[in-house]
2 protein chains.
Amino acid sequence: MTQPLSYTAEMERKERKIVVAVDESEESMYALSWCISNLIADATKNKVVLLYVKPPPPIYSSFDAAGYIFSRDVISAMTKYTNDLVSSVMERAEATYKNLDTIDVSVERIVGSGDAKDVICSVVEKLKADTLVMGSHGYGFFKRALLGSVSDHCAKHAKCPVVIVKHP
Amino acid sequence: MTQPLSYTAEMERKERKIVVAVDESEESMYALSWCISNLIADATKNKVVLLYVKPPPPIYSSFDAAGYIFSRDVISAMTKYTNDLVSSVMERAEATYKNLDTIDVSVERIVGSGDAKDVICSVVEKLKADTLVMGSHGYGFFKRALLGSVSDHCAKHAKCPVVIVKHP
């Protein structure tokens, strides 16, 4: 019975940090609203970190896999598109929690870049997050999920409890 | 933005029902204490269901796979052992949440029997549970996890958000 008790003592001592991995999906917005409705009880002791992971930047060889040449225009258009996506996702996330009629929450934004599953796990570890909340199907607009489920990986490897939220 | 709002309205209307799958592992007791510390904010609106799934009852052919004969004594000893296990797990679970210095919680016990992953998902669906909480490595003393991860399956198939808690 020692574990649960020491856990509680630790919980009371410090601020709880909850990382919510958001992407372009409705499901991740639902995960965020689940988090606000279910995990946030006391505003002074909770911080929500919205984490969005961009796909890795395009490799600046001018050739793609099929040998086509990417012009600089295409590359800069792609970069702009990704940046617009980040703003759009973060704005939707903020609208989601502002719509919920709850206590004020301290919210921080983090934008990572790279393989979503690795970036999410490493941010969780770096921040010493208490809980990770994410949708089950992400990650993202490009259906990066097809390359292997991000939530599966995080449920196994993230160094904190993981909440997997499915769209109802 | 319609989803989060309708979700909240629903949350306020009814009691929240949280199923915690418990087994013989320390991890599942930790999952229960996580649940009490993190998900239980308002005692009047929360019910925790402790769910323990027994392995399926032995098949009462008198032969096992290797052709050995099980005497009635062995079978009844095995049945008694399983029943003792149920009491022991439930008692540990109750000690765990009573040790936590939190508000009173309404707690119900359910004991199922069969393949843990199927029983857990079907109880969640039957009860229309709002959240399922479980350890990542269970299920149980006999390392039933080796036959395929129960938490993996539930994260994918349970009809509610699933919290996967790892032992720290």
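Residues numbered from 1 in each chain as written. Chains lettered and ligands numbered in written order. Predicted model: local features only at pLDDT ≥ 70, side-chain atom pairs only at ≥ 80, totals over all residues. Heavy atoms only, no water.

Remarks on the overall build of chain A
Line of reasoning, step 1. When helices and strands are tallied, chain A shows five helices and five strands.
Line of reasoning, step 2. Counting from the amino terminus, chain A carries its helices and strands in the arrangement α-β-α-β-α-β-α-β-α-β.
Line of reasoning, step 3. Relative to its 168 residues, chain A shows a buried fraction of 46%.
Line of reasoning, step 4. Partitioning the contacts of chain A with sequence separation of at least 6, the portion at a separation of at least 24 is 78%.
Line of reasoning, step 5. Working note: accessible area of chain A is about 8500 Å², and carbon and sulfur atoms make up 57% of it. (Helix = DSSP H or I, 4+ residues; strand = E, 2+ residues; numbered from the N terminus. Buried < 20%, exposed > 50% of the residue type's maximum accessible area, 1.4 Å probe, protein only. Contact = heavy atoms within 4.5 Å. Areas by Shrake-Rupley, 256 points an atom, 1.4 Å probe, with all protein chains shown as cover.)

Details of the pairing of strand 5 (residues 162-165) of chain B
Line of reasoning, step 1. Side chains of strand 5 of chain B alternate between two faces, with Val162 and Ile164 of chain B and Val163 and Val165 of chain B buried alike.
Line of reasoning, step 2. By the bridge criterion, three bridges tie strand 5 (residues 162-165) of chain A to strand 5 of chain B in an arrangement that is antiparallel. Among the inter-strand pairings, Ile164 of chain A is bridged to a residue of strand 5 of chain B, identified as Val162 of chain B.
Line of reasoning, step 3. As paired elements, strand 4 (residues 131-135) of chain B and strand 5 of chain B share four bridges and run parallel to each other. Bridge assignment links Val133 of chain B to a residue of strand 5 of chain B, and that residue is Val163 of chain B. (Pairing = 2+ DSSP bridges.)

Observations regarding the pattern of salt bridges
Line of reasoning, step 1. Going through the model one piece at a time under the given rule, you end up with twelve salt bridges over all chains.
Line of reasoning, step 2. Across the pair Lys156 of chain A and Asp152 of chain B runs a salt bridge whose closest N-O atoms are separated by 2.9 Å. Of this pair, Lys156 of chain A sits in helix 5 (residues 150-157) while Asp152 of chain B sits in helix 5 (residues 150-157), on two different chains.
Line of reasoning, step 3. Here Asp152 of chain B falls in the partly exposed class, since its relative accessible area comes to 24%.
Line of reasoning, step 4. Taking the shortest distance from any N to any O, the salt bridge between Asp84 of chain B and Lys80 of chain B comes out at 2.7 Å. (Salt bridge = Lys/Arg side-chain N within 4 Å of Asp/Glu carboxyl O.)

A few points about the pairing of strand 2 (residues 46-54) of chain A
Residue and element names in this part refer to chain A.
Line of reasoning, step 1. Of all nine residues that make up strand 2, seven are buried, and the element is covered over most of its length.
Line of reasoning, step 2. Note: strand 1 (residues 16-21) against strand 2, six bridges, orientation parallel. Across the sheet, Ile18 pairs through a bridge with Val48, a residue of strand 2.
Line of reasoning, step 3. In the sheet, strand 2 pairs with strand 3 (residues 106-113) via eight bridges, with the strands oriented parallel. Looking across to strand 3, one finds that Val49 is bridged to Glu108.

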